[in-house]
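# Chains, contacts and geometry: an overview
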Amino acid sequence: MEAPEPGPKRKAGAARGAAGKGKPPRTGAERVGEEEKGGGRSRIGVPAFAKGILEQPVEEVRGIGPHLAALLAKKGISHAGHVLYNLPRGYQDRRLVGTIQQLLPGQKGLTVGEVVEGREIFNPRSRKKMLRVVLADHTGRLALTFFHYWPSTMKRFVPGRRFFAWGDVKLFGTQKQIVHPELEEVDDLDAGGESLSAGRIVAVYRGMDEVGQGRYRALARAIVDEHLGLVPEILPEALRRERALPTEQQALQSLHFPAQGADADALAAGASPAHRRLAYEELLLLSIGLALKARGVQVEPGHRFDTSPPRIEQALAALPFEPTGAQRRAIDAIAADMALPSPMNRLLQGDVGSGKTAVALVACLLAVQDGRQAALMAPTELLAEQHHRSFTALLEGKGIEVALLATGRGQKALGQARERVASGAARIAIGTHALVSQGSAFRELGLVIIDEQHRFGVEQRADLIGKGLRPDVLVMTATPIPRTLSLVVHGELTQTVIDELPPGRKPVGTKVFTAKTREKVYQQVERQLGEGRQVYVVYPLIEESERSELEDATQGLAKLSERFPGRRLALIHGQMKSEERDQVMAAFREGSIDLLVSTTVIEVGVDVPNAAVMVVEHAERFGLSQLHQLRGRVGRGAARSFCFLIDHGSEGRARDRLAVMERTNDGFEIAAADLEIRGPGEFLGTRQAGLPELDFADLSRDARLLEQARADAFALVRSDPHLSRPEHRLLKKEVFERFAERMSLAQVG
C-alpha cells in the first residue's frame, strides 16, 4: 500500500477501505476488480449515447500524472466516461466525525486531529523502518502507522497540520492506532472547501489499492464537476416521470457523491433510487431489443392453422391418458398461437417428467390435420429414437407416418427417410442434426419443435426453420429457468410453463452423504441391484487431473468394479464418439448393464424406467439445477427411486446448497435458489448462450424492475415500431449499439 500522497484538487490518502454492507449490483467497476487479478484490462459499460462527449483523457485532469494514468489504464479507466460509469462497489457512512476518545477498538472510525509527532522507527519484526505519526485532539492521542510509504511522505506530517483519519481502530498496548489510514488534510477546507472523505457517505471503488481511494475520489469529483452536465437524458420524459426515476445526471451524481440525507443502507445494497434508475434503463434497453426481435418474427405472415375445438379434441384423442391441467393449458396456448397469421414463437418449459413430449405430439397433430408437416429436432440420436418410438406407438393405426432422420441408422435408412419427408408421405419428421443438413427437405413444413433448444447452435435452429415458409416454432426445455432470467435469455419468446407432474409420478428420495459415509450409499446400491434395478454413478471429470482432487470417472469405474464384483459395469462420457455413447446407452436401456458410470453427458438423456438410483460424486461441485437434471434420470418407472449426493467436504453455504436438494423436487424452486446462490452467468454456464452482460441490474434483486421495463418496452415498440419519434432517437441508437447482433437473429427461435 502506498503512503498518502496529494491527489488532484485535494490532499487525499490511500485506503484499505472495506466494502459497504449488502450486495450492490455487479457493475463495470466490479469487473475491473475481477480482471485486475489476472492483469487484464476490463470493460466498463459506458453507454453509446455518452461516448462521444466523455472522451477527455484522464491524464488531462489536474493532478493526474503519467504514473497514475498508467495505473488507471491497467484497470480500464482512460477517459472521463470510464470514470463516470465506474460505479462504487460499496459505501462507508462517515457522516459522524468522532473525537479520538470516541473511537472504539475493533471498529472502523473517523476522527480529526492535529499532528503532534511524526518519525521513522525501526520495526524489529520486518527489520525495516516504519512511519509513526501521532494525532491529538482535546480528548486524547491516536497513532497512525505506515509500513509502506514514500520517502517524501514525512514532509506532509508537519506538527500543527490537521487531518481527517479513517480506518480500523486497534489497540497497541494502551495506545489507539490505525494502520495505513485513509487521510485527508483539512487545512484548506477551513475556508469552506468540501471534504471528499469525511462528514459524508463516502464511495468505495474496487481495485484502487495502488491508486488510493482518496485520489480516485478526487478524480471522480473533478470529472463529475466538469463533464456530468454533458450527459444526455436517454429516457423519454413521460416514461421517466411515470416510473418516478431520477435523471441520468442525478443518478450518477448520487452514486459517486451521495447527498447528506441519503439512505446509506439502500446505497450499500444497490437499492437506492440512483441504482434503480440505471438498472431500469439497462433492462429497458434490453427489453426493447427483445421486443424488436419478437416483432421481426410477427410482422412476417405465416400459416394460419385451424385449431378449432374439434381439431384439438381430435389431436388429444391420440393420447392414452387425460392430460394434466398444466398440459391442457399449454396445449390451448399453443393452439391459440397457431391460429394466428403471425408465426408462433413460443418457449415451453417443463420440469423433468412433466409431459412436454405429449404436448409436442398434440401440436404436431394440429399441424398435420391442417395439411402441413411437423419436425421435431432432438439433441441426441438416442433421444430422437425415443421420441420416434413414442410417436409411432401412439399414432399406430391413424395413418400418420413418422420418419426418423438419424445418421446412426445407416445411410440407406437415412436416405429412405429423407425421400418420405421430401415427398410429403411422412407427415412428422424426427431427428437430430440430420434434419438440417442439405440433403433433408420438406414438402410443406408448418411446425418446427426444438427439444432442449440450448444444445443447438443459433445457425442450426435457423437452418431448420428455413426449411419451411415461416413455420410456427415451439422450443422446449426441461431445464427450469427462473422467470427473471428467462425473460432476459428468451424474452422475445412467448412462454408457457408446465408446472404440474402427471399423477402417480413419485418424487425421488434424495439424501446427502459425506465421502466417509459412502459405504452406506453402496449398501443401498447393492440392495437395489439385488432387486434387479439399475444404477447411475456420475463423476465431474473423465480422467484424473493433476490440478484437481476430484475423483474421476475412469478411476471410479475401476473402484466400483472391485466393490460390486459380478455386476455388469460400463463407462460413458462426452469424449466418446456419439456412436459409442449411443451403443452404451442403448445397452443400459435394454438392461444388459447394471451400473453405468458417467459424466454429466447423461444430464439430458433417454428414459430408462428400470434405473432407480442416481449417485453423484463431488456433488458440491455441481450447480443445483444440474443436480436436479441428473436426478431426473431416475424415478421414471414404478419402483421408488433414490438420489444420493456425495459431498467431499463442503462447508457453510455450499453445504446449505445441497440441503435444498433434500428439501424439494420442484425444479423451479431449485432453479430460483441456484440463481440466487451462483448468479446468472454461472447458473447458465458456458453451455447456455444468449445472456447479455448487465452492468447495473441484478436479476436476483430486480425482478419487479424487469417486469416494469419489459412492459414499458413492448408498449413502446407497439406504439413506435421503428423508434422514429424524436424522444426515442437515443434509445434506438443505444439498442442497436448493444444488441444489433441479437436482433439480427429475429427469425431464429
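Structure first, text after, so check above.
A brief report on the enclosed structure follows. Here the residue index of a chain counts from 1 through its sequence in written order. Where local features are concerned, this predicted model is filtered to residues with pLDDT of at least 70; where side-chain atom pairs are given and counted, the filter is 80 or more; whole-chain, interface and lining totals use all residues. With hydrogens and water excluded, all non-hydrogen atoms of the structure serve as input to the side-chain values.

### A few points about the layout of surface pockets
Rules: Site definitions follow a grid-based scheme: protein atoms alone, a 1 Å grid, a 1.4 Å probe that fits but cannot get out for cavities, and for pockets an open set with protein on both sides within 12 Å along at least five of seven lines, plus lining residues having an atom within 4 Å of a point. Grid points are joined across faces, edges and corners, and a volume is the space filled by probe spheres set on the points. Strands here are runs of E lasting at least two residues and helices are runs of H or I lasting at least four, both read from the DSSP assignment and numbered beginning at the N terminus. Gly is put with the polar residues, along with every residue not named as nonpolar or charged; the nonpolar set is Ala, Val, Leu, Ile, Met, Phe, Trp, Tyr, Cys and Pro, and the charged set is Asp, Glu, Lys and Arg.
Taken as a whole, the second largest pocket encloses approximately 870 Å³ of empty space. Residue lining of the second largest pocket: 37 residues in total, with Gly353, Gly355, Thr357, Asp607 and Arg636 positioned closest to the centre. Mapped onto the lining of the second largest pocket, the elements with two or more residues apiece are α12 (356-369) and α13 (381-394). Top element by residues in the lining of the second largest pocket is α13. It accounts for six residues. Looking at the lining of the second largest pocket, its residues break down into 15 nonpolar, 13 polar and nine charged.

### Here we look at the sheet that holds strand β13 (residues 402-405)
Convention followed: Following DSSP output, two strands are said to pair if at least two bridges run between them. Axes here mean lines fitted to C-alpha atoms, for a helix over just the part in contact, with angles spanning 0 to 180 degrees between N-to-C directions. We call two residues in contact when some of their heavy atoms are within 4.5 Å.
Taken together, the seven strands give an open sheet; going across it, the order is β13-β14-β12-β15-β16-β11-β17, and neighbouring strands pair in parallel fashion. The open sheet terminates on both sides in strands that have one partner only, identified here as β13 and β17 (494-498). Taking the axes of each pair of neighbouring strands and ignoring which way they run, one obtains an average angle of 20 degrees across the sheet. As judged from the five bridges shared by strand β12 (residues 373-377) and strand β15 (residues 445-451), these two strands associate in the parallel manner. Bridging from a neighbouring strand, Leu376 pairs with Ile449 of β15. Most of the contacts of α12 go to β15, to which it runs at about 170 degrees, and overall it touches β11 (345-350), β12, β14 (428-431), β15, β16 (472-477) and β17.

### Things to note about the pairing of strand β20 (residues 569-572)
Definition in use: By convention, orient the strands away from the viewer: a clockwise path from the first strand over the helix to the second makes the crossover right-handed.
In terms of strand pairing, β20 meets strand β21 (residues 595-598) through four bridges, oriented parallel. Note that in β21 the partner of Leu571 across the bridge is Val597. In this fold, the crossover linking β20 to β21 by way of helix α19 (residues 578-590) has right-handed handedness.

### Remarks on α12
One turn of the α-helix equals 3.6 residues, which is why residues spaced by three or four share an orientation. Selection rule: Expected span, for any helix, means 1.5 Å times one less than how many residues it has. For every residue, the accessible area (1.4 Å probe, protein chains only) is compared with the maximum for its type, and the residue is labelled buried under 20%, exposed over 50%, or partly exposed between those bounds.
In this model α12 runs 20 Å from its N-terminal to its C-terminal C-alpha over 14 residues, within 8% of the 20 Å that 1.5 Å per residue would give. Of all 14 residues in α12, 12 are buried, a share of seventy percent or more. Buried within α12 are the following residues: Lys356, Ala358, Val359, Ala360, Leu361, Val362, Ala363, Cys364, Leu365, Leu366, Ala367 and Val368. The first or second residue beyond α12 is Gly371, which carries a positive phi of 85 degrees.

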